[in-house]
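# Coordinate analysis (summary)
Listed below are the residues making up each chain.
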Amino acid sequence: MDIFRHNADNLDINTENHQQYDQRRGCYYWYALILSRYSVAVFFTILLLSIACIATVFALHGFPNFDDPIEGFEASQTPIHSRLIALENYFSSDLLLDKPRNYRRFDDTFSTSSTNRQRRQTGDGTGREFTGFNTCDMVHLGDFAKLVFESSRGNPVFSKHGIESMCEIEQKTIRTHPEFSTSCYQCGLSNTTGSCHASWSLGTYVSLLYNRASCKAITSIDIFNARKMLQRCASYYNNGTLCEKSPCEFEAEAPEECFQFDAAYNIFNFLTPADFATGIQINVNTELKYVNHILPIKINAHTDQLVSIYIDKFHKKTFTDNYVVLKALDFGVETKFDLFGIFILRDFIFVGVGLVCVFLVIWVYTGSLFITLGSCLTVLLSFLLSYFLYFVVFRQEFFPFVNVVSVILLIGVGADDTFVFVDLWRKSLSQNEGADLHVIVQKTLHHATLTMLVTSVTTACSLYASIISNIIAVKCFGLFAGTAIMVNFFLTLTLLPAIIIMHHHLKQKCSISCSKNAKGIWKTYGSLVRICYQNTLHTLVLKLRIMRYVWLIIFGALGIGGILVVFKYPGLQLPSSSEFQIFTDDNYLEQWDTKYKNTFSGQNQQYLNGIVVFGVKSVDNSDPWVPERRGKLVFDTSFEFSSKEHQNWMLELCRRIRNQQFHHPEDTRKCFIELLMDYMNRPCVNASTGSILSPCCTQNPFPYEQQVLDICLRTCTAVGYCSNGVHYNSNDDSLSALSIEFTSSRTITHGYHIIEEYWRNTNEWFEEQISGAPDTLKGGWFISYLYEEGDQLYFYDLQRSLAQGTPIALGITLAIVLVILIFTILHIVLACYALLTIGFAVFVTVGSLVLLGWELNIFEAIVITLSVGLCVDLTIHYGVAYRVAPRALETREERTYFSIQTMSGAITAAALSTFLAGVFMLAANINAYFQLGLFLVFVMTISWTYATFFFQSLCAVAGPQRNCGDLTSFNCCKSSCLVDVNEEDKGALPIPQRNGSHFAHGPPINVHTTFMGTQSFSNSMFNDNIDLGMSVNDDLTSTTTGNAKTRVVRNPAHGKKIRAPAMSRIDEGSRNPDFINHGNDLPEHRASVTNDFNDLPEESVFSGVNQWLSANEAMASSNPAHAESNPNLANPPQAHGFKTSNGSSNSTVRAVMNPTHTISSNWYFKPEPERDLKKTSGSRRYRVSQHY
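Sequence order as written defines the numbering, with residues in each chain counted from 1. Restriction of local features to residues with pLDDT of at least 70 applies here, the model being predicted, together with a cutoff of 80 or more for giving and counting side-chain atom pairs; totals for whole chains, interfaces and linings are based on all residues. Hydrogens are left out, water is left out, and the side-chain values use all remaining heavy atoms of the structure.

## Concerning unusual backbone geometry
Here the residue pair Y569 and P570 is connected by a cis peptide bond, since its omega of -5° sits within 30 degrees of zero. For helices the rule is a DSSP run of H or I covering at least 4 residues; for strands it is a run of E covering at least 2, with both sets numbered from the N terminus onward. Inspection of the secondary structure assignment puts P570 in the loop between helix 20 (545-567) and helix 21 (588-596). Cis geometry marks the peptide bond from S694 to P695; its omega dihedral reads 10°. With respect to the helices, strands and loops of the structure, P695 is situated in the loop between helix 24 (672-680) and helix 25 (706-718). Phi is positive for F261, close to 60°, though the residue is something other than glycine. Along the chain, F261 falls in the loop between helix 8 (220-238) and helix 9 (263-271). Note on classification: 1.4 Å probe, protein chains only; a residue is buried when its accessible area is under 20% of the maximum for its type, exposed when over 50%, partly exposed between these limits. On the accessibility criterion, F261 (31% relative accessible area) is partly exposed.

## Quick word on the pattern of salt bridges
Whenever Lys or Arg places a side-chain nitrogen within 4 Å of a carboxyl oxygen from Asp or Glu, that contact is recorded as a salt bridge. Under the definition given, this model contains 24 salt bridges. Here D593 ties to K336 by a salt bridge, and the two come within 2.7 Å at their closest N and O atoms. Of this pair, D593 sits in helix 21 while K336 sits in helix 12 (residues 333-346); the two residues are 257 residues apart in sequence, bridging distant segments of the chain. With relative accessibility at 5%, the residue K336 sits in the buried group. A salt bridge links E652 to R656; the nearest nitrogen and oxygen atoms lie 3.5 Å apart. With E652 and R656 both in helix 23 (residues 644-658) and four residues apart, the pair spans about one turn of that helix.

## Comments concerning the packing of aromatic side chains
Pairing of aromatic side chains requires ring centres within 6.5 Å, counting the rings of Phe and Tyr and the six-membered ring of Trp. Pairs whose planes differ by under 30 degrees are stacked, by over 60 edge-to-face, and all others tilted. Considering all chains together, one arrives at 54 aromatic pairs under this definition. Clustering of aromatic rings is evident, with ring pairs tying together F58, F63, F66, F340, F383, Y387, Y390, F391, F399, F401, F480 and Y929.

## Concerning helix 13 (residues 348-366)
What a helix should span is 1.5 Å times the count of its residues minus one. Helix length check: helix 13 (19 residues) gives 26 Å between terminal C-alpha atoms against 27 Å at 1.5 Å per residue, within 8%. Within helix 13, the full set of buried residues consists of V351, G354, C357, V358, V361, I362, Y365 and T366. Viewed along the axis of helix 13, the buried residues span an arc of 155°, placing them on a single side of the element. Looking at the residues trailing helix 13, positive phi occurs at G367, about 70°. What the arc describes is the spread of directions from the helix axis to the C-beta atoms.

## So, the state of the cysteines
By definition, disulfides here are pairs of cysteine sulfur atoms that lie within 2.5 Å. Under the criterion given, the structure shown has seven disulfides. Here C167 engages in a disulfide with C215; their sulfurs sit 2.1 Å apart. Within this pair, whereas C167 is found in helix 5 (residues 160-175), its partner C215 is found in the loop between helix 7 (202-209) and helix 8, the two being separated by 48 residues in sequence. Exposure remark for C215: the relative accessible area of 14% places this residue in the buried category. The disulfide partner of C684 is C697, and the gap between their sulfur atoms is 2.0 Å. The disulfide joining C684 to C697 has a torsion of about 85° about its S-S bond and is therefore right-handed. You can see C684 sitting in the loop between helix 24 and helix 25 and its partner C697 sitting in the loop between helix 24 and helix 25, a full 13 residues away along the chain. In terms of burial, C684 and C697 fall into one category: buried.

## What to know about the sheet that holds strand 10 (residues 781-785)
Between any two strands, pairing holds if DSSP finds at least two bridges. Taken together, the five strands give an open sheet; going across it, the order is 1-8-9-7-10, and neighbouring strands pair in antiparallel fashion. This sheet does not close on itself; its edge strands, each paired only once, are strand 1 (96-97) and strand 10. Direction of pairing for strand 8 (residues 726-729) relative to strand 9 (residues 735-747): antiparallel, over a ladder of three bridges. Looking at the pairing, Y728 lines up with L735 of strand 9. In this description, contact between two residues means that some pair of their heavy atoms is separated by no more than 4.5 Å. An axis is simply a line fitted to the C-alpha atoms; with a helix, the fit covers only the stretch in contact. Between two such axes, the angle follows the N-to-C directions and lies from 0 to 180 degrees. Packed on one face of the sheet, helix 25 meets strand 8 and strand 9 and runs near 105° to strand 8.

## Concerning the packing of helix 29 (residues 858-883) against helix 31 (residues 927-958)
The N-to-C vectors of helix 29 and helix 31 enclose an angle of 30°; their axes lie 9 Å apart at closest approach. One finds that helix 29 runs roughly parallel with respect to helix 31. Of the two possible hands of crossing, helix 29 and helix 31 adopt the one that is right-handed. A class-by-class count of the residues in the contact of helix 29 with helix 31 yields 18 nonpolar, seven polar and one charged. Roughly parallel here means an angle under 35 degrees, roughly antiparallel means over 145, roughly perpendicular means 65 to 115, and every remaining angle is called oblique. Here a crossing is taken to be left-handed if its near helix is turned anticlockwise relative to the far helix by less than a right angle, and right-handed if that turn runs clockwise. Polar here means any residue other than Ala, Val, Leu, Ile, Met, Phe, Trp, Tyr, Cys and Pro, which are nonpolar, and Asp, Glu, Lys and Arg, which are charged; Gly is therefore polar.

## Considering the pairing of strand 7 (residues 607-614)
Of all eight residues making up strand 7, eight are buried, and the element is well covered by its neighbours. Both strand 7 and strand 9 contribute to a ladder of seven bridges, which runs antiparallel. Counted as the bridge partner of V612 is I740 from strand 9. Bridge analysis of strand 7 against strand 10 gives five bridges, and the strand direction is antiparallel.

## Focus on the sheet that holds strand 5 (residues 290-298)
Spatially, 5-4-6 is the arrangement adopted by the three strands of the open sheet, whose pairing is antiparallel. A single partner strand is all that each edge strand has here, and the edge strands are strand 5 and strand 6 (324-330). Averaged over neighbouring strand pairs, the angle between their axes works out to 25° when direction is ignored. For strand 4 (residues 144-151) and strand 6, the ladder comprises six bridges, and the chain directions are antiparallel. Considered in strand 6, the bridge of K146 is made with D330. The strands touched by helix 21 within the sheet are strand 4, strand 5 and strand 6, with strand 6 carrying the most contacts at an inclination of about 85°.

Rendered as structure tokens:
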């Protein structure tokens, strides 16, 4: 690839060089020419088009709505989801009727009062009803707001002082608030009494039991007596004897005091932890650590008032004393969602502060406010244009809250691209002074396009890989965020260059004072970078050889440990609560949902329902991108229920279900076939009216004839007796669906493995039963549900999708990254090294978050995907720099040093900016912001250290050399990747053989040529001996001055030394006879070095001859005095100065060549490291390399 042959540190351009560069007029040339000449037009064109697109999308779709922040947090297109969607449509579809339109009417007085068709929520605490203290209406305690108090400093909460503290906090926070009097529950059906109900609390019940005016009047004796009463009543509560004030089967067996005010039951069931009744009964663990305090405010009826109370009294405030501390609030889900809408805007200030930090870092690094504003504009337009593409082009309708997270990702990626582009632009300007602007732009784009293409495509593809997820919100996020990254890449190569070129023109027109401050900032920061990274990092990775092995061992061990933490122990834990965490852990509302809610008996004694459906297909035809589109009902056309075989099998299934362990023993409901049998078991003549009830009477025994079944089932359903599970088609009034419902013995739990075992065993049993059904009933299916609590199986399906899909998505993402790396940087070894580094960084990041207690929920799954994209950037910048290092830098140490020197500043600035953005987000109230901030802090720290120390150490120890792993070369197997290039064997290329009057050679190719030479000299005499083996173009004359010599070089292709053809001694001005026969006006090349070789600078560059060399080794010694006696060298027609890296001028190289010859080659002189020098008196070893 042409882009690999140009590098930011090798942008040396001269006048002749421009002429040849302009001749290669490809896409880069024309695009650079347009940008350099029409930068203002490009800027305003893109800006106006972007504004038009943004205005269009907001006019058509408006702003996103986050009223339900957890919308879309469900798995779709899974077997469980298919059944749940089919069940929703089964219950709600207009295609099904509970009663047939046409049925035979009898003069029937058959009573339905004896039927037990109502569901019984056994043990369901939310179904318990409590009578108000002043004989008010029956109330449902689950509908009221709650406070949770915990003991403080080891003092008991069930004590006189503890109860007084709880009453005081309630009075100070709730009852004094202006909204309380308008929202409190009052005695009677209306608010005419003007008296708010008392709270359901320990203080209230103790006051009632012992006739105290208020909780402040309670004595320690009252507390003691209340505890004794609870101890006496505990056994009755535990064995089910103790009930609420409504009639109970064994109520007479309990003492009367246990029913007074329902105090014992409600304290055990609602106000104290579930294990308190058992502990106090056996006098073990009788001290309460926390208690519930139920307020007389209905959470669903007074959401606005509760929002106001929370913001005014509880937000960011603590309530504690020596006895109790307020730990949690339950103000209802709707209140949480309303507060989320408020705080998502308030918390954006923390995101804004982070953005300001990023802004300042970009400003300091670039030294230009103009470029910094342009970079921010690029990020903003990237997000808004992605919003346009998401809705208008991709035609999406659902925009989940998690899509907002892509803003932070864009900031990190946008800042990173800005740093890289500006860095390359600066180097182009500094190394190509006097060059045409379009050439500098073209040179900059060559390198910038590659490095940003690799990082952007890998990040975008890692996000696009999320589209395969079954979770709707994750799919939408992957599509939007991946698109945003690619839009940012497009704008970084269009809008940002235009802004930088505009800034360049402004600087030229502006006075020196305009940029004085910026230059000062830049110089200060630049000095710091050079000191910290060119010296410190170089020392830590390269100079101290032992350290590179230390880094490999340390970070390799951490990477393996991260893998074990993620997949082995403790592993990615699935969410333990179906409640999506909206606020941070210390929030009162989140504490209730995540810690206390399921610890009270009245909150967790619900049971899952089960249902078997026939006649409806379990098809998920809902929209996998829009959660509101729930699909339509699909009938099973093979369904039929008519024959005696069908009836017998259905009756047997009902009875077998009732005998299974998963069936709740107290659920006595009958299925429809049993109810029909009861309906048919009656006299054929109505005794009171004399009406004929035939055929729906005892004259037709079970199973029934088809005609009798059709008539009687319709009538039984129409009168409401058999309506439980029988449905008719609204179009043709035919029997279309049947179902059997039951209550399971599985209580509500959010433990993944518990529900998994229940689902697997129950579903397998039903599938086995249905497999033996008549053919027309084999389309039946089973599902479990609980509408009152938000569908347990939906949450289990989400857990299942996360558990199975996240590792798969991570593996696919890493595989995609590897493929992209291989096909973009075209180097297998570097791609594998980069993938290893990225993988280790990802697993260490995720493993660290796991150790902090993160569970694998929706946001965490997105974060894992993001970790791949963010870890890619830093490592790939280093990898690309290593890949495109000048060919003169042949050893892995030199290329690694070049990589650090070139990219460490930009990479560190990018990591620092994203790190600071994450730090300031840690103060947010919204959990998503907080988690994202924590994630950015970890991922930036870990990915930077892995990229800088692990990847660079890997390259320094076993980095590829020559063509090893290079997909652009066919010689990758001819040299070792692991053996250092040394002085004895530089891998000489085969020596070209004489063919006629000139050397035979193949088509011109790009060759990395290295000459190794030893300069031996004394004060009186120098030997001019040059050994060359070369393949040259026909229009080149090679002229040397010295003694003719036959060379012996090593040919790696044959593994032995071969003899190369000798070169004749050629005097000054003469031509090589091997080339004269071509009759061309051939250029001459004479070179002489006038230099004390002991003072040879670290790196020197001069323009040489455009030639194709394949020589590899040479032994040379030059006579510095020769130039003085050579008049042609003294005043060459085309001379080029010797550029040195340290700015020294004591070294001069002069080249004599044809004035018409185009100059395009660069020569590099670099001394070998001191450890490799074979020093003798007055001799020094050096290297000369050529780069095309």
